[in-house]
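As a plain string of letters, each chain reads:
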Amino acid sequence: MSDLIHTLRADFPALAQQVNGKPLVYLDNGATTHKPQAVIDAISQFYAQDNSNVHRGAHTLSDRATQAFEQARETVRDFLNAGSTKEIIWTRGTTEAINLVAHSFGAQLQAGDQILISAMEHHANIVPWQMLCERSGAELKVIPVTERGELDMPAFDELLTDKVKLVGVVHVSNALGTINPIEDIIAKAHAVGAKVLIDGAQSVAHWDIDVRALDADFFAFSGHKLFGPTGIGVLYGKQALLEAMPPYQTGGEMIEHVSFSSTRFNGLPFKFESGTPNIAGAIGLAAAIRYLNQLDRDALLQHEYALLARLRERASDMPELRLIGDAEHKASIFGFVLNGAHPADVGTLLDQQGIAVRTGHHCAMPIMEQFGVPGSVRASFSFYNTLDEVDALFTGLEKAKLFLL
Ligand SMILES: Cc1ncc(COP(=O)(O)O)c(C=O)c1O
C-alpha cells in the first residue's frame with residue numbers, strides 16, 4: 001500500500017515542497033484538499049484553448065466550452081448516481097447549496113413548522129436555517145450529541161414529529177470526524193413526511209456517494225474538498241422537489257423569456273443557475289472526479305482507516321492529549337486539545353516543523369462549546385497521507401509540549 005500512496009503523492013505537486021525548511025506534512029484536508037496535476041491541467045487547458053461563455057455563443061469556442069461544462073455535469077451525476085443531470089445544480093460550494101435550499105425549499109415553511117438539525121453542524125448548516133426561521137416563523141430544533149460525539153438517536157426519534165418539514169444533517173462532522181447514520185435518519189424522516197438535506201462537504205473525499213441508494217432529498221458538497229478547484233460546488237436535489245421550488249437568485253441564464261410585465265423561468269437545472277457560472281471550476285471538478293474514478297477508492301479508504309488506527313494508538317500514549325470527538329464510526333479527522341495549551345500555539349509550533357493543521361472552532365462553535373473548549377487542533381487526513389506523517393505529527397506534538405506544557 002505504501003508504494004501506491006507514494007506513487008499517488010507524485011500526482012499532487014503541492015505535496016512535494018518544503019515549508020519552514022521541513023518537508024510539508026499537509027494535515028488540513030478537511031479545510032481543503034490539494035489538487036492533482038490532472039485538475040490543474042484541465043483548468044489551464046480550458047483557459048488556454050476553449051475559454052468562452054457557455055450556452056449562448058454562436059461560435060466554436062462557445063460550443064466547446066458548453067460541451068465541456070455540460071459533460072462535467074454528467075460526470076457529477078454519474079459520481080453521485082443521480083437519475084438525471086437536471087438534478088445537479090452548480091453552486092459556489094456547500095454553503096451556497098444549503099442557502100439555496102433554505103431560501104427556495106424554505107419559502108413554503110410557516111409558523112408551526114419545524115426544521116431539525118444537529119448540534120454538530122457547521123455554521124453553514126445552522127445560520128441559513130436560523131434566518132429562515134426568522135423569516136417564516138418556523139422553529140429550529142437541535143438533535144443533541146453525546147459525550148463521545150455521536151448523535152443521540154433516541155433523542156432524534158423523539159424530536160422527529162410530523163411538524164418537522166426538513167432534517168438537515170452533516171454526513172461527516174468536520175469538527176469531530178463522526179460519521180452519522182444518515183441512512184437511518186433519512187428513512188425515519190421520510191416516515192414522518194420530512195425531507196432530508198445531507199451536508200456532504202466532508203464525506204465525498206473519503207468514499208463514493210449514491211444519492212439514490214441513500215434516498216437523500218438534497219445532498220451538498222464543495223469541489224475544493226474533493227481535490228477540485230475552489231468556487232465550485234454542487235447541490236443534488238430530487239427532480240420533483242426542484243421542479244416545485246421557486247428560483248433562488250435571478251438574472252441571466254435562468255430565464256426563458258423576460259418582458260417588463262412578466263418573466264418565464266428556464267427549466268432545470270438552469271432555473272437555479274443565474275449569471276455566468278464558474279465554467280473552469282466545473283471542468284476542474286469533473287477532472288478531479290475522473291481522477292478519483294480510476295483509483296480503487298475502497299482500498300484508499302482502508303488506508304485512511306489504518307491512519308486513523310495509528311492516530312488512536314499514538315494518542316493513547318500521550319496523556320496530555322484529549323480527543324474532541326471519539327465516535328465509534330469516525331472518518332480520518334482527528335480533533336484534539338493538549339491540556340493547558342492554546343490550540344493556536346500548538347498550530348504555530350507544528351507549522352514551524354512543516355506540519356499544517358487547522359486550529360480554532362472550525363465554524364462549529366456550538367459543538368466546541370458543548371465540549372467546553374474554545375477550539376481544537378484538527379489534523380484531517382486524506383488518502384495521500386502516510387503513516388510516517390502520523391508519526392511526524394506526534395514528533396511535532398512532543399516538541400510543542402516542551403514549549404507549552
Ligand atoms: C461539514 C461542512 N459543511 C459545510 C462547509 C462549508 O463548505 P464551503 O466553505 O466549501 O462552502 C464545510 C467547510 O469546511 C464543512 O466542513
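1. Looking at the site of the ligand
Neighbouring the ligand are 13 residues; Thr-95, Asp-199, Gln-202, Ser-222 and Lys-225 lie closest to it. Side-chain polar atom of Thr-95 to an oxygen atom of the ligand: 2.6 Å apart, as the coordinates give it. The contact in question runs from an oxygen atom of the ligand to an N or O atom on the side chain of Lys-225, over 2.6 Å. Look at the ligand: alone it shows 390 Å² of surface, and the protein chains cover 86% of it. Across the shell around the ligand, the residue classes tally to three nonpolar, eight polar and two charged.

2. Remarks on the pairing of strand β11 (residues 255-258)
By the bridge criterion, three bridges tie β11 to strand β12 (residues 263-265) in an arrangement that is antiparallel. By the bridge assignment, Val-258 is partnered in β12 with Thr-263. Counting the residues that bridge the hairpin from β11 to β12 gives four residues.

3. Observations concerning the packing of helix α12 (residues 343-352) against helix α14 (residues 387-404)
Two elements in contact, α12 and α14, have axes whose closest approach is 9 Å; the angle formed by their N-to-C orientations is 120°. In terms of their interaxial angle, α12 and α14 are classed as oblique. Pair α12 / α14 crosses with right-handed handedness. Across from Asp-345, Val-346, Leu-349 and Leu-350 in α12, the residues of α14 making contact are Leu-393, Gly-396, Leu-397, Ala-400, Phe-403 and Leu-404. When grouped by side-chain class, the residues that make up the contact of α12 with α14 number eight nonpolar, one polar and one charged.

4. Focus: the nonpolar core
Leu-80, Val-167, Leu-226 and Phe-383 are the most contacted members of the largest nonpolar core, which has 83 residues in total. A total of eleven residues in this core trace back to one element, the largest contributor, which is helix α10 (residues 279-293). Each of two domains, domain 1 (2-30 + 296-404) and domain 2 (40-293), supplies a minimum of three residues to this core. Discounting chain neighbours no more than four positions away, the residues touching Phe-383 are Ile-5, Leu-8, Phe-12, Phe-227, Tyr-291, Leu-292, Leu-295, Leu-300, His-303 and Glu-304. Judged by nonpolar contacts, the second largest core, of 26 residues, contains Leu-109, Ile-126, Trp-129 and Phe-272.

5. Some details on the packing of aromatic side chains
Following the criterion strictly, the structure yields twelve aromatic pairs and no others. Between the aromatic rings of Phe-227 and Phe-383, the centroid separation amounts to 5.2 Å while the plane-to-plane angle is 55°, which identifies the pairing as tilted. Placement of the pair is Phe-227 in the loop between β9 (218-222) and β10 (233-237) and Phe-383 in the loop between β17 (376-380) and α14, with a sequence separation of 156 residues. A centroid spacing of 5.8 Å and a plane angle of 50° characterise the contact between Phe-334 and Phe-336, whose relative ring orientation is tilted. Just as Phe-334 is buried, Phe-336 falls in that class too. By the ring-pair criterion, three or more aromatic residues cluster together here, those being Phe-12, Phe-227, Tyr-291, Phe-383 and Tyr-384.

6. Brief notes about the pairing of strand β6 (residues 139-143)
For strand β5 (residues 114-118) and β6, the ladder comprises five bridges, and the chain directions are parallel. By the bridge assignment for β6, Ser-118 is matched with Ile-143. Taking the sense of rotation as the criterion, the β-α-β connection linking β5, helix α5 (residues 127-136) and β6 turns out right-handed.

7. Here's the deal with the domain arrangement of the protein chain
Each domain of the protein chain was delimited in the assignment, giving domain 1 (2-30 + 296-404) and domain 2 (40-293). In this structure, domain 1 and domain 2 have C-alpha centres spaced 28 Å apart. Residue-level contacts link 35 residues of domain 1 with 33 residues of domain 2. Here domain 1 packs against domain 2, burying approximately 2,700 Å² in sum over the two surfaces, 55% of which is carbon and sulfur. Counting across the domain 1 and domain 2 interface gives one salt bridge. We note a salt bridge from Arg-297 to Asp-208, for which the minimum N-O separation is 2.8 Å. Run the count over domain 1 and domain 2 and you get 19 residue pairs in polar contact (both at pLDDT 80 or more). Going through the elements one at a time, α11 (297-316), β14 (333-338) and α13 (365-370) are the ones with two or more residues in the side of domain 1 that touches domain 2. Per-element tally for the side of domain 1 that touches domain 2: the top contributor is α13, with five residues. Looking at the side of domain 1 that touches domain 2 residue by residue, the class counts come to 19 nonpolar, nine polar and seven charged.

Parameters and conventions
Residues numbered from 1 in each chain as written. Predicted model: local features only at pLDDT ≥ 70, side-chain atom pairs only at ≥ 80, totals over all residues. Heavy atoms only, no water. Near = heavy atom within 4 Å. Polar contact = N/O pair within 3.5 Å; in protein donor to acceptor, adjacent residues only side chain to side chain. Areas by Shrake-Rupley, 256 points an atom, 1.4 Å probe, with all protein chains shown as cover. Nonpolar A, V, L, I, M, F, W, Y, C, P; charged D, E, K, R; others polar. Pairing = 2+ DSSP bridges. Helix = DSSP H or I, 4+ residues; strand = E, 2+ residues; numbered from the N terminus. Axes fitted to C-alpha atoms, helices over the stretch in contact; angles between N-to-C directions. Parallel < 35°, antiparallel > 145°, perpendicular 65-115°, else oblique. Left-handed = near helix turned anticlockwise from the far one by under 90°. Contact = heavy atoms within 4.5 Å. Core = buried A, V, L, I, M, F, W, Y, C linked by side-chain atoms within 4.5 Å. Buried < 20%, exposed > 50% of the residue type's maximum accessible area, 1.4 Å probe, protein only. Domains from an automatic or database assignment. Phe/Tyr/Trp six-rings, centres within 6.5 Å; stacked < 30°, edge-to-face > 60°. Right-handed = clockwise from strand over helix to strand, strands pointing away. Buried area = accessible area lost by both parts, 1.4 Å probe. Salt bridge = Lys/Arg side-chain N within 4 Å of Asp/Glu carboxyl O.

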